[in-house]
Amino acid sequence: MAVLKVRRYGDPTLRRRATPVGEITPDIRNLVADMVDTMYDEAGIGLAAPQIGMSLRLIVVADDETREARPLVNPEIVEQGGEATAEEGCLSIPGVFAQVTRAAWVRVEAKDLEGRPVSILGRGLKGRVLQHEMDHRGCTPPGVRTVVAATLNVLFYGTPEFSLPTLEALLRHHRVVAVVTQPDRPAHRGQRLTLPPVKQRAIKSGLPVLQPSRLREPGWP
Ligand code: ZN
């Protein structure tokens with residue numbers, strides 16, 4: 001089991017059409033275990049295979065109450081109703097949220113990892129997560145589409161190397177007004193301070209850099 005790299009907005013895998021899972025092989029079971037680990041590691045409530053670079057119709061969703069992860073193989077919406085608008089985010093575009101209108105409830109049919117048919121009714125958050133994750137099989141979820149279509153003024157929060165591709169994508173499509181990043185830290189031994197990767201990139205583009213000593217300090221929004 002392993003935590004996998006989540007593909008961020010701008011990665012072509014996210015737009016590739018996902019193909020149905022054929023036989024449920026040990027590789028598929030391992031992939032699901034890794035997806036579950038990755039979802040928990042990213043504090044997510046759902047994850048689709050394309051988000052970790054596999055163009056397959058395979059999702060994991062966390063139960064609202066127990067947080068227990070449930071894999072769904074080749075999920076399809078067979079029934080839906082109502083309409084609900086709520087704020088939605090995506091692990092592939094961290095830190096950005098948009099109001100998205102979706103069906104208020106969906107009935108999804110899929111297979112479990114033993115190949116048995118399962119039918120689940122998703123209302124509220126669960127219904128929303130199911131619809132969002134199923135969008136990842138070849139199209140960008142509406143939440144992401146919405147934020148991509150509009151030019152946003154983005155305040156970017158990030159520090160490490162792995163947040164750079166997201167920052168690059170945002171710089172290409174939106175107006176990044178400033179970055180918020182952790183304070184400079186001393187390098188391994190010497191007394192010299194190293195600049196966080198995000199700060200280095202921000203300086204290159206002449207962006208304002210905010211470095212609160214603690215994000216939760218009073219007066220910091
Ligand atoms: Zn997503």
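This is a predicted model, so every value here is computed, not measured. (Residues numbered from 1 in each chain as written. Predicted model: local features only at pLDDT ≥ 70, side-chain atom pairs only at ≥ 80, totals over all residues.)

Tallying secondary structure elements over the protein chain gives five helices and 12 strands in all. Per-residue burial over the protein chain gives 33% buried out of 221 residues. Sequence-distant contacts, at least 24 apart, represent 59% of the contacts inside the protein chain between residues at least 6 apart. (Helix = DSSP H or I, 4+ residues; strand = E, 2+ residues; numbered from the N terminus. Buried ≥ 20, exposed ≤ 12 C-beta atoms within 10 Å, placed from the backbone. Contact = placed C-beta atoms within 7 Å.)

Moving on to the pairing of strand β2 (residues 58-62). Across the five residues that make up β2, a large majority, five, are buried. Taking every second residue as pointing to the same face, both faces of β2 are buried, with Leu58, Val60 and Ala62 on one and Ile59 and Val61 on the other. By the bridge criterion, three bridges tie strand β1 (residues 46-48) to β2 in an arrangement that is antiparallel. Across the sheet, residue Gly46 finds its bridge partner in β2, namely Val61. Two elements, β2 and strand β3 (residues 69-81), share five bridges in a ladder whose sense is antiparallel. The residue of β3 that forms the bridge with Ile59 is Leu72. Hairpin connection from β2 to β3: six residues lie between these consecutive antiparallel strands, with Arg67 at a positive phi of about 65 degrees. (Pairing = 2+ DSSP bridges.)

Turning next to the sheet that holds strand β12 (residues 209-210). Strand order in the open sheet formed by three strands is β8-β9-β12, and the pairing between neighbours is parallel. The open sheet has two edge strands, β8 (153-157) and β12, and neither has a second partner. Sheet topology places strand β9 (residues 175-180) next to β12; two bridges connect them, and they run parallel. Each residue of the ladder has a partner; that of Val179, found in β12, is Val209.

Per-residue pLDDT for the protein chain has a mean of 86; in total, 89% of the residues score no lower than 70. Looking at the elements of the protein chain, mean pLDDT is at its lowest for helix α3 (residues 142-149), recorded as 61, and at its highest for strand β6 (residues 105-111), recorded as 96. (pLDDT = per-residue confidence, 0-100.)

With that settled, consider helix α5 (residues 197-204). Buried within α5 we find Val198, Lys199, Arg201 and Ala202. All buried residues of α5 project into a common sector of 165 degrees when viewed along the axis, lining one side. Packing partners of the buried residues in α5 comprise α4 (164-173), β9 and β12. (Arc of directions from axis to C-beta.)

Right, let's get into the environment of Leu31. Relative to the helices and strands, Leu31 resides in helix α1 (residues 26-41). You can call Leu31 buried: it has 20 C-beta atoms within 10 Å. Put simply, Leu31 and Met1 are 30 residues apart on the chain and 8.4 Å apart in space, counted from C-alpha to C-alpha.

Another aspect to go through is the nonpolar core. Met35, Leu47, Ala49, Ile59, Val60 and Val61 are the most contacted members of the largest nonpolar core, which totals 31 residues. Among the secondary structure elements, those contributing two or more residues to this core are α1, β1, β2, β3, β6 and α2 (124-135). The dominant element in this core, judged by the number of residues it contributes, is β2, at five residues. With residues up to four places along the chain from it excluded, the contact list for Ile59 reads Gly46, Leu47, Ala48, Leu72, Pro75, Glu133 and Met134. If you look at the next biggest cluster of nonpolar residues, it comprises seven residues, including Leu167, Leu170, Val180 and Ala202. (Core = buried A, V, L, I, M, F, W, Y, C linked by C-beta atoms within 7 Å.)

Once that is clear, we can look at the sheet that holds strand β7 (residues 117-123). Read from one edge of the open sheet, five strands run β1-β2-β3-β6-β7, paired in antiparallel fashion. Two strands lie at the open edges of the sheet, namely β1 and β7, each paired on one side alone. On average, each strand axis in the sheet is tilted by 40 degrees relative to the strand beside it, whichever way the strands run. Where α1 meets the sheet, its contacts fall on β1, β2 and β3, and the angle it forms with β2 comes to roughly 40 degrees. (Axes fitted to C-alpha atoms, helices over the stretch in contact; angles between N-to-C directions.)

Although it is not a glycine, Ala43 sits at a positive phi angle of roughly 55 degrees. By the secondary structure assignment, Ala43 is in the loop between α1 and β1. The phi angle at Arg67 is positive, at roughly 65 degrees, despite the residue not being glycine. Here Arg67 lies in the loop between β2 and β3.

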